[in-house]
There are 2 protein chains.
Amino acid sequence: MNRVLVTGPSGFIGTHCLRRLATEHCEIHAANRSGRGEPGAGVTWHAADLRDADHVLSLVAKIQPTHLLHGAWVATPRLYGHSPENFAWLRSTIALAAAFGRHGGARFVGIGSSAEYDPGERPCVEDATPIRPATIYGKCKAASWLAVQAAAQHHGFSAAWGRLFMPYGPGDPPQRLIPSVLAALRAGQPVQTSHGTQQRDFIYAPDAADLLVRLLLSQEAGAFNIGTGRATKVRSVVEYLASRCRRPDLPQFGAISLTPGEPDILVADMSKVGKRLAWSPQNDLHQGLDRVIDCA
Amino acid sequence: MNRVLVTGPSGFIGTHCLRRLATEHCEIHAANRSGRGEPGAGVTWHAADLRDADHVLSLVAKIQPTHLLHGAWVATPRLYGHSPENFAWLRSTIALAAAFGRHGGARFVGIGSSAEYDPGERPCVEDATPIRPATIYGKCKAASWLAVQAAAQHHGFSAAWGRLFMPYGPGDPPQRLIPSVLAALRAGQPVQTSHGTQQRDFIYAPDAADLLVRLLLSQEAGAFNIGTGRATKVRSVVEYLASRCRRPDLPQFGAISLTPGEPDILVADMSKVGKRLAWSPQNDLHQGLDRVIDCA
């Protein structure tokens, strides 16, 4: 039976990956700093600070995972792009890949990011769009993927990298776009956003987790976009939420300015995923947003 | 006055860089495992094992270099491409860039490699050719450059990366192509080579060092090819050496097979270097080979 280790299991995407993995026949291990997480689902929890190379080594030696889904990374909304913590996670990823290989691991999937691509290019095609990250986060993620590929080549394990676009859904941190817009709408407060004409590839988090777990349980090597292939204006999302909450009067577009360097369009090309994994998302954007509104 | 730290100062290229730096008005520090090197030239030598993060920290804290020319890396002929030592040098580079930034360093130049490029592409253009390294060496070099860029962005130093093509010249390790061919020719032994139709961008090592030092003392950020822009068949080099040694009878082309995955052509596009650094090589291939023959 596959022995899967999940890092970052308490994060937004990690939580969904853990739930999705519970539907597969495998032994699931999850490691985070506290060693505690969502009960049930047959997960064995481990306490480890993965930024410490000794913790990485002893964790991997103890579990001897056949599969590793590596999602642990700094993700603090607004701050992660330029946090010095990115360097610690780059080092951690190098250590994890080495320990995984040394202990006979077979299949490594890391969670990368659309931030690895040249922000001026669209759509983002895994093996064609230049890797030219604008942020420290994107640079450290891209460096990690190269290091993982080197470790895979040295140790002979299979490796893939899921470049995540814009996830949303249950568990989305309150400071991020959709939860903060919904909170303002519900409180009857003005929703101050940027002009909102920038387009993003929004993916419902359980769909992203489904794709990541399918990738993990496949043998496909290489980088794969974790998106939907559809670009939607941020403005349209805010307008849809406002109309569903019956407060179309509250959004104030252009009230705040866009972070400099934010690309106009960031959208995944999904043909490689379609071809190699025969995958498409279960929820379109309105279905996903409806679920978020209904659940909150 | 600029305080320059050179890592890998006793390697093939590092030795030439140190000599070239001696012609500049700057304080030169060199670090290697023994703390000893070529005497003269006003270099201060330091003993440090840069694969040890503590050594990196104390070295950089002591010297507080304004400029760093980072050449230290595993370079054992034939073995470096897939050596696990590549991972130690990737970690070392990440640690060096962090320590350099923390101690107020201003200008970082690392020695990268043509092995970072997709081996199927030609010529190699710094900002256009895909980074798709075939070897563990190339992957770890490419990951290092991303990590250096992230550190430069975080600490605010200026960074460049010199992707070295095929250097040759005085000090070339005896196992490498030109010294081994010359040794066989002089011993009157058959020169067993591959078919030799593969083309490489041969650069005379003092010219490569000149370009690296100019890059170091400039403020140009980004990746720069360290080559000449000319592709030459390996066969032509062997034939030239054989004719100059008056032993055209000795080469046996096709006697050994090419390492699988060796590209047919690996040549630098030098337009970015020409435009930004107004540089061209001082020695063409025959001039460089003549110097090697005359000096050996």
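### Side note on the overall build of chain A
Consideration 1: Helix and strand counts for chain A come out as nine helices and 14 strands.
Consideration 2: Scaling as 2.2 N^0.38, a compact globule of 296 residues should have a C-alpha radius of gyration of about 19 Å, and chain A matches this with 19 Å.
Consideration 3: Reported as C-alpha extents along the three principal axes, the dimensions of chain A are approximately 60 × 40 × 40 Å.
Consideration 4: A buried classification covers 54% of the 296 residues belonging to chain A.

### As for the domain arrangement of chain A
All names here are of chain A.
Consideration 1: Entries for chain A in the domain assignment read domain 1 (3–166 + 202–226) and domain 2 (170–201 + 230–268 + 283–295).
Consideration 2: In this structure, domain 1 and domain 2 have C-alpha centres spaced 27 Å apart.
Consideration 3: Tallying the contact residues gives 18 residues for domain 1 and 24 residues for domain 2.
Consideration 4: Three residues, Phe-12, Phe-202 and Tyr-204, lead the burial of domain 1 against domain 2; their summed loss comes to 41% of the area buried on that side.
Consideration 5: If you look at where domain 1 meets domain 2, you find zero salt bridges.
Consideration 6: At the boundary of domain 1 with domain 2, the tally comes to six residue pairs in polar contact (both at pLDDT 80 or more).
Consideration 7: Of all the secondary structure elements, the ones that give two or more residues to the side of domain 1 that touches domain 2 are helix H1 (12–21), strand S10 (202–204) and helix H6 (205–217).

### Here's the deal with the interface of chain B and chain A
Consideration 1: Taken together, the contact between chain B and chain A spans 24 residues of the former and 24 residues of the latter.
Consideration 2: Between chain B and chain A, the buried area comes to about 1900 Å², and carbon and sulfur atoms account for 73% of it.
Consideration 3: Looking at the side of chain B facing chain A, the largest losses of area belong to Lys-139, Leu-146 and Gln-153 of chain B, adding up to 29% of the total buried there.
Consideration 4: Connecting chain B to chain A are zero salt bridges.
Consideration 5: For the side of chain B that touches chain A, the elements supplying multiple residues, two or more each, are helix H3 (85–102) and helix H4 (136–155) of chain B.
Consideration 6: The leading source of residues in the side of chain B that touches chain A is H4 of chain B, at twelve residues.

### Concerning helix H1 (residues 12–21) of chain B
Consideration 1: Of all the ten residues making up H1 of chain B, nine are buried; the element is thus mostly covered by neighbouring parts of the structure.
Consideration 2: For H1 of chain B, every residue scored as buried is listed here: Phe-12, Ile-13, Gly-14, Thr-15, His-16, Cys-17, Leu-18, Arg-20 and Leu-21 of chain B.

### Some details on the environment of His-67 of chain A
Residue and element names in this part refer to chain A.
Consideration 1: Of note, His-67 is situated in strand S4 (residues 67–70).
Consideration 2: Along the sequence, His-67 and His-103 sit 36 residues apart, while their C-alpha atoms lie 11 Å from each other.
Consideration 3: Not counting chain neighbours up to four residues away, the residues in contact with His-67 comprise Asn-2, Arg-3, Val-4, Leu-5, Phe-100, Arg-107, Leu-216 and Leu-217.
Consideration 4: A distance of 2.8 Å separates polar atoms of two side chains, one belonging to His-67 and the other to Thr-66.

### Remarks on the relation of the copies chain B and chain A
Consideration 1: The transformation that overlays chain B on chain A combines an axial shift of 0.0 Å with a rotation of 180°, and the residual RMSD is 0.0 Å. Both copies of the chain, as the preceding transformation shows, are related through a two-fold rotation axis. Nearest to the rotation axis, the C-alpha of Ala-143 of chain B is located 2.1 Å from it, this being the minimum over chain B.
Consideration 2: A high fraction, 100%, of the interface residues of chain B reappear at the interface in chain A, so the copies pair face to face through one surface.

### Quick look at the pattern of salt bridges
Consideration 1: Throughout the structure, instances matching the rule amount to 32 salt bridges over all chains.
Consideration 2: Across the pair Asp-172 of chain B and Arg-176 of chain B runs a salt bridge, and its minimum N-O distance is 2.6 Å.
Consideration 3: With its nearest N and O atoms 2.9 Å apart, the salt bridge here joins Glu-262 of chain B to Arg-200 of chain B. Of the two residues, Glu-262 of chain B is situated in the loop between strand S13 (251–253) and strand S14 (265–266) and Arg-200 of chain B in strand S9 (residues 199–200); the sequence distance between them amounts to 62 residues.
Consideration 4: Here the residues in one salt-bridge network are Arg-20, Glu-24, Asp-210 and Arg-214 of chain A, joined through shared partners.

### Observations regarding the sheet that holds S14 of chain B
Residue and element names in this part refer to chain B.
Consideration 1: Spatially, S12-S9-S14 is the arrangement adopted by the three strands of the open sheet, whose pairing is mixed. For this open sheet the edge positions go to strand S12 (232–233) and S14, each flanked by a neighbour on one side alone.
Consideration 2: Where S9 and S14 come together, two bridges link them in parallel fashion. For Gln-199, the partnering residue across the bridge sits in S14 and is Ile-265.

### Quick look at the sheet that holds strand S6 (residues 158–164) of chain B
Residue and element names in this part refer to chain B.
Consideration 1: Ordered by their spatial adjacency, seven strands build an open sheet running S3-S2-S1-S4-S5-S6-S11, and the pairing between neighbours is parallel. Two strands bound the open sheet, and with one partner strand each, they are strand S3 (43–47) and strand S11 (222–226). The average angle at which neighbouring strand axes cross in this sheet is 20°, direction not considered.
Consideration 2: Across five bridges, the pairing between strand S2 (residues 27–32) and S3 is parallel. Considered in S3, the bridge of Ala-30 is made with Trp-45.

### Here we look at the environment of Leu-277 of chain A
All names here are of chain A.
Consideration 1: Mapped onto the elements, Leu-277 comes out in helix H8 (residues 271–277).
Consideration 2: The spacing of Leu-277 and Pro-39 is 238 residues in sequence and 31 Å in space, taken between C-alpha atoms.
Consideration 3: Discounting residues that sit within four places of it in the chain, Leu-277 has contacts with Leu-211, Arg-214, Leu-215, Ser-218, Glu-220, Phe-224 and Lys-272.

Calculation rules
Residues numbered from 1 in each chain as written. Chains lettered and ligands numbered in written order. Predicted model: local features only at pLDDT ≥ 70, side-chain atom pairs only at ≥ 80, totals over all residues. Heavy atoms only, no water. Helix = DSSP H or I, 4+ residues; strand = E, 2+ residues; numbered from the N terminus. Rg over C-alpha atoms; globule rule 2.2 N^0.38 Å. Buried < 20%, exposed > 50% of the residue type's maximum accessible area, 1.4 Å probe, protein only. Domains from an automatic or database assignment. Contact = heavy atoms within 4.5 Å. Buried area = accessible area lost by both parts, 1.4 Å probe. Salt bridge = Lys/Arg side-chain N within 4 Å of Asp/Glu carboxyl O. Polar contact = N/O pair within 3.5 Å; in protein donor to acceptor, adjacent residues only side chain to side chain. Least-squares fit on C-alpha atoms with pLDDT ≥ 70 in both. Pairing = 2+ DSSP bridges. Axes fitted to C-alpha atoms, helices over the stretch in contact; angles between N-to-C directions.

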